[in-house]
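Structure at a glance
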Amino acid sequence: MRYLYKLLAVLVMSAVFSLPSLAVENNCQSCHADWEDEGGPASMWDGDIHKEVGLTCADCHGGDPTLEDMDEVRQGRSYVGVPKTVAIPNFCGRCHSDPSYMKKFNPSVATDQLDKYWTSIHGQLNEQGDAQAATCVSCHSVHSIQPAKIPSSSVYPMNLPGTCAECHANPIYMKPYDIPTDQYDKFVGSVHGRQLLEEEDLGAPACNDCHGNHGAAPPGLDNISAVCGTCHARQAMLFAESPHKEAYAKAKLPQCETCHSNHDIIQPIDEMVGVGEKAFCARCHDADSDSKGFETAAAISDLLDSLVRIERMAEATIDEAEIKGMSVDNERFALKDVRSALVESRTLIHSFDLEKVKPEAEKGMQLAAATHLRGLDIIEDYYFRRKGLAISTIIITLLAIVIWIKIKRFDNS
Amino acid sequence: MAGMKTIGAKLYDYIDERVKIKELVEYMGSKVVPKHGHSIWYYFGGLSLFFFIVQVMSGILLLLYYRPGADSAYESVKFIITTVEFGWLVRSVHSWSANLMVLMVFIHMFSVYFTKAYKKPRELTWLSGMALFGLSLFFGFSGYLLPWNELAFYATKVGTGMAGAVPFIGDFILQLMRGGSEVTGATVTRFFGWHVAILPAAFTVILTVHLILVQRQGMSEPEGWANKPVSEKLYMPFFPSFLLRDLLLWLIALNVLAVLAVLFPYGIYPFHWELGIKADPFLPPPLVIRPEWYFMFAFQTLKMIPALVMGIEGEILGIFGFSIAGLIWAIVPFIDRSKPGSIKAKLFLIFGLCAVGFILVMTIIGYLVE
């Protein structure tokens, strides 16, 4: 009989959790709205995705929403109430880790968030009972949870850096962990941050694109290139085949980060390559002890400089021709090819192999030179047209004068 | 020289013996043109003819490289202006000459109207001139689409859409013009056919009739000459005096055309014809959709008429108004039997002035509101 009662209890509980769409009277919201201040759960709930899919307060917090007396609700067997902070992941995970339940709302939705969470730094701290460690609600908010694709969501790509910064940019909050708190400031000024936050380019990475989201962790020395390589695949591949991979590993240097840094990655400039003042190569390769690396860096830098110079020269010539009113559509296309060669040459730098950079840079230089010459031809054609016009105008005018004299003669006679 | 003359005289006799040109030469030799303060207006018909000849010649040259169709029209025009030797010049001349031809036709038509040169016996000359005027506008409209660029696409879409608003037959006209319900590659092919075959053929026939009528009837004399003594009337021989003056003006026009075509190959803002980007029905329309300047007054008027006027659709009302005004304009020789200085004559003068004023004001507003 006892087993029968247990089975019955399980069935009832299942019914409570698995039939959320039953339209029952929701006294939770009406009561809470009466005595809560603005910004409390009842007022935030209207914009929550859980409400949109038909869930009620009782689906998470348990209790009988049809009861009007709060004490009676608390005494109910199904009542869960407010979970403790460290219990939140498992609290959300009751549903979000249950594929058969979640697929009722979205068959393609992921249900591995909780598993990943326990692998994250946040999850590990939580396991140790650290109530400060981020849980689901730290990022997703509570009672106004929205999917990441909604622009007002706290985890929408453009809002996410700010969400992470709420904790990670707070020196007091982060003090126990002894980690920097300038990541957000650095990110905002970085090439990624400006692209995402200023240009509103959702293709640009937010924090989670490098660190992961539910399984968030700082990438280790060995896998930084794998993280960067998810977007910068070609550079990562070239680097992996280059002699630098082994050298960096020996020196315990992170791969991409050594030259490009991490949160404050700036727009790469050509001066970063070579042996000049701003060049990174010269930090390790000097002329005396490492002449081969030094020479290669200098030669690659020279190639890039030459290509940039000749590209600018060609562009200036085409601009001048265009200002003169000449059609330069084809030459503009050629300039795009030159630009592609320059971009490809800059990419090939990650091979640190002169023999790989040289053919592409020389191809670009030849094309730029040809475009420059074509631009000069067009400018010459511009002057040829004017000379031709002057000559034809003079001939036509002379002819007109002759006819005018003829007319006068006829009139006089 | 004597030998040359002999050969020339022999050749003349040879031709005369076969086609009897002596009478024609004598007739031309005796032709005279009235000489007075408004003689300048006689030359605008000739200038219109000059620009038409330039159009035919430059059009034939463009035809050597132009390929109609949605996939080839834009590309071929681009090829003409960027790669073909002097192709840019030919297209520039064709575009400038088209605009100048329409301008000359406008001036010629209004000068004939205000000098009342349309009166008996020149009713048919006026009618044939009106037909040539209409064909000139259609030439412009059909040619505008041929480069198949963004602006042309949307201007044609709007233009043919207006024709489609005509009650009862609008849909038929729209389908006939577009070659379907939308402006597509089929419309380009269709407009190309109109532009290089049907319109030139019709224009040439009507132009021939128009010129024969002008030659047979001679230049109209000013109305005030009717009561003037013969001794006070001044004339100049058609050949060579008038013809040489015509030729002089043609040379000046050629010079102006050459200067404009070389210095401004893509026109002068807002009258310009840069190729721009290729027509793409899936791209959003450009901020400014502008017809050719000679359609601007009609375009602007239709834009300004409210959507509903006394329960009638504004666009339909506008098109109806233009049709009535155009019809009155076309049949003016048959309804204007006024005597010089009479109230009726003044009414026709006011009607003409209103038409010119309306066209000018609406055109200016059209460009200003952009």
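Residues numbered from 1 in each chain as written. Chains lettered and ligands numbered in written order. Predicted model: local features only at pLDDT ≥ 70, side-chain atom pairs only at ≥ 80, totals over all residues. Heavy atoms only, no water.

**Brief notes about the overall build of chain A**
- On a plain count of helices and strands, chain A comes out with 24 helices and zero strands.
- Computed over the C-alpha atoms, the radius of gyration of chain A is 35 Å, more than 25% above the 22 Å expected from 2.2 N^0.38 for a compact globule of 413 residues.
- Overall size of chain A, expressed as C-alpha extent along the three principal axes, is 130 × 85 × 40 Å.
- Expressed as a percentage of the 413 residues in chain A, the buried residues total 30%.
- Considering only contacts in chain A between residues 6 or more positions apart, those separated by 24 or more positions represent 57%.
- As displayed, chain A has an accessible area near 25,100 Å², and 59% of this comes from carbon and sulfur atoms. (Helix = DSSP H or I, 4+ residues; strand = E, 2+ residues; numbered from the N terminus. Rg over C-alpha atoms; globule rule 2.2 N^0.38 Å. Buried < 20%, exposed > 50% of the residue type's maximum accessible area, 1.4 Å probe, protein only. Contact = heavy atoms within 4.5 Å. Areas by Shrake-Rupley, 256 points an atom, 1.4 Å probe, with all protein chains shown as cover.)

**As for the overall build of chain B**
- The number of helices and strands found in chain B is 14 helices and six strands.
- Computed over C-alpha atoms, the radius of gyration of chain B comes to 23 Å, within 12% of the 21 Å expected from 2.2 N^0.38 for 370 residues, which places it in the range of a compact globule.
- Here chain B, with 370 residues, has 45% of them falling under the buried criterion.
- Relative to all contacts within chain B whose residues are 6 or more apart in sequence, the contacts with residues 24 or more apart total 75%.
- Per element, the accessible surface of chain B, about 19,600 Å² overall, is 74% carbon and sulfur.
- Once the 28 positive and 23 negative side-chain charges of chain B are each reduced to a mean point, those two points are 9 Å apart. (Lys, Arg positive; Asp, Glu negative; His and termini not counted. Charge placed at Lys NZ, Arg CZ, Asp CG, Glu CD.)

**As for the packing of helix 8 (residues 170-178) of chain B against helix 9 (residues 185-217) of chain B**
All names here are of chain B.
- Where helix 8 meets helix 9, the axes come as close as 7 Å, and the angle between the chain directions of the two elements is 85 degrees. The pairing of helix 8 with helix 9 is recorded here as roughly perpendicular in orientation. Across from Gln 175, Leu 176, Met 177 and Arg 178 in helix 8, the residues of helix 9 making contact are Ala 186, Thr 187, Arg 190 and Phe 191.
- Its residues assigned to classes, the contact of helix 8 with helix 9 comprises four nonpolar, two polar and two charged. (Axes fitted to C-alpha atoms, helices over the stretch in contact; angles between N-to-C directions. Parallel < 35°, antiparallel > 145°, perpendicular 65-115°, else oblique. Nonpolar A, V, L, I, M, F, W, Y, C, P; charged D, E, K, R; others polar.)

**With respect to the confidence of the model for chain B**
- Averaged over all residues, the pLDDT of chain B equals 92, while 98% of them reach at least 70.
- Mean pLDDT across the elements of chain B ranges from a minimum in helix 1 (residues 2-19) of chain B, with 82, to a maximum in helix 3 (residues 43-63) of chain B, with 97. (pLDDT = per-residue confidence, 0-100.)

**Remarks on the pattern of salt bridges**
Residues and elements named next belong to chain A.
- Applying the stated rule across the entire model yields 22 salt bridges over all chains.
- Arg 339 is paired through a salt bridge with Glu 311; the nearest N and O atoms lie 3.0 Å apart. One end of the pair, Arg 339, is in helix 23 (residues 329-348); the other, Glu 311, is in helix 22 (residues 291-323), and 28 residues separate them in sequence.
- Look at Arg 339 and you get partly exposed, because its relative accessible area is 39%.
- Given the relative accessible area of 5%, Glu 311 is considered buried.
- Glu 360 is paired through a salt bridge with Lys 363; the nearest N and O atoms lie 3.4 Å apart. Separated by three residues within a single helix, Glu 360 and Lys 363 lie in helix 24 (residues 354-412), roughly one turn from each other.
- Glu 360 sits in the buried class, given a relative accessible area of 15%.
- Look at Lys 363 and you get partly exposed, because its relative accessible area is 47%. (Salt bridge = Lys/Arg side-chain N within 4 Å of Asp/Glu carboxyl O.)

**Examining the domain arrangement of chain A**
Residue and element names in this part refer to chain A.
- For chain A, the assigned domains read domain 1 (151-217), domain 2 (219-266) and domain 3 (291-412).
- Computed over C-alpha atoms only, the centres of domain 2 and domain 3 are separated by 39 Å.
- Contact with domain 2, which involves nine residues of that partner, is made by seven residues of domain 3.
- Summing the contributions of domain 2 and of domain 3, the shared interface buries around 710 Å²; its carbon and sulfur component is 63%.
- Three residues, Arg 234, Gln 235 and Leu 238, lead the burial of domain 2 against domain 3; their summed loss comes to 58% of the area buried on that side.
- Counting across the domain 2 and domain 3 interface gives one salt bridge.
- One salt bridge in this structure joins Arg 234 and Glu 344, with 2.4 Å as the shortest N-O distance.
- The interface formed by domain 2 and domain 3 contains one residue pair in polar contact (both at pLDDT 80 or more).
- Elements with a contribution of two residues or more to the side of domain 2 that touches domain 3: helix 18 (233-241) and helix 19 (243-250). (Domains from an automatic or database assignment. Buried area = accessible area lost by both parts, 1.4 Å probe. Polar contact = N/O pair within 3.5 Å; in protein donor to acceptor, adjacent residues only side chain to side chain.)

**Re the side chain of Ser 190 of chain A**
Residues and elements named next belong to chain A.
- Looking at the secondary structure, you find Ser 190 in the loop between helix 14 (183-189) and helix 15 (191-198).
- With relative accessibility at 1%, the residue Ser 190 sits in the buried group.
- A polar contact of 3.0 Å, which involves the side chain of Ser 190, links it to the backbone nitrogen of Gly 193.
- Excluding residues that lie within four positions of it along the chain, Ser 190 makes contacts with His 263, Asp 264 and Ile 265.

**Points about the interface of chain B and chain A**
- Taken together, the 21 residues of chain B in the interface contact 22 residues of chain A.
- Carbon and sulfur atoms supply 68% of the area buried between chain B and chain A, which totals about 1,900 Å² over both sides.
- Linking chain B with chain A are two salt bridges, by the criterion used here.
- The residue Asp 411 of chain A makes a salt bridge to Arg 245 of chain B at a minimum N-O spacing of 2.6 Å.
- Between chain B and chain A we count three residue pairs in polar contact (both at pLDDT 80 or more) in total.
- Where the side of chain B that touches chain A is concerned, the elements lending two or more residues are helix 4 (73-82) and helix 10 (238-263) of chain B.
- Ranked by residues supplied to the side of chain B that touches chain A, first place goes to helix 10 of chain B with 13 residues.
- Counted by class, the side of chain B that touches chain A contains 15 nonpolar, four polar and two charged residues.

**Structural notes on the environment of Phe 139 of chain B**
Residues and elements named next belong to chain B.
- With respect to the secondary-structure elements, Phe 139 resides in helix 6 (residues 123-145).
- Overall, the relative accessible area of 14% leaves Phe 139 in the buried class.
- Residues Phe 139 and Ser 342 lie 203 residues apart in sequence; the distance between their C-alpha atoms is 38 Å.
- Residues in contact with Phe 139, not counting those within four places in the same chain, are Phe 52, His 195, Leu 199, Pro 200 and Phe 203.

**Side note on empty space enclosed by the protein**
All names here are of chain B.
- By the definition in use, this model includes one cavity of 30 Å³ or more.
- As a volume, the largest cavity reaches approximately 80 Å³.
- Lining the largest cavity are Asn 99, Tyr 144, Pro 270, Phe 271, His 272, Trp 273, Arg 290, Pro 291, Glu 292, Trp 293 and Tyr 367. (1 Å grid on protein atoms, 1.4 Å probe; cavity = no way out; pocket = protein on both sides within 12 Å on 5 of 7 lines; lining within 4 Å. Points joined across faces, edges and corners; volume = space filled by probe spheres on them.)

**A word on helix 7 (residues 88-96) of chain A**
- Buried residues of helix 7 of chain A: Ile 88, Pro 89, Phe 91, Gly 93 and Cys 95 of chain A, and no others.
- Buried positions along helix 7 of chain A lie against helix 5 (57-61), helix 8 (99-102), helix 9 (113-119), helix 10 (121-127) and helix 11 (136-140) of chain A.

**Remarks on the environment of Phe 280 of chain A**
Residues and elements named next belong to chain A.
- Topologically, Phe 280 is positioned in the loop between helix 20 (255-260) and helix 21 (281-284).
- Note on Phe 280: relative accessible area 18%, which makes it buried.
- Here the alpha-carbon distance between Phe 280 and Ala 233, two residues 47 residues apart in the chain, equals 22 Å.
- In this view, Phe 280 contacts Cys 259 and Met 272; residues no more than four positions away in its chain are not counted.

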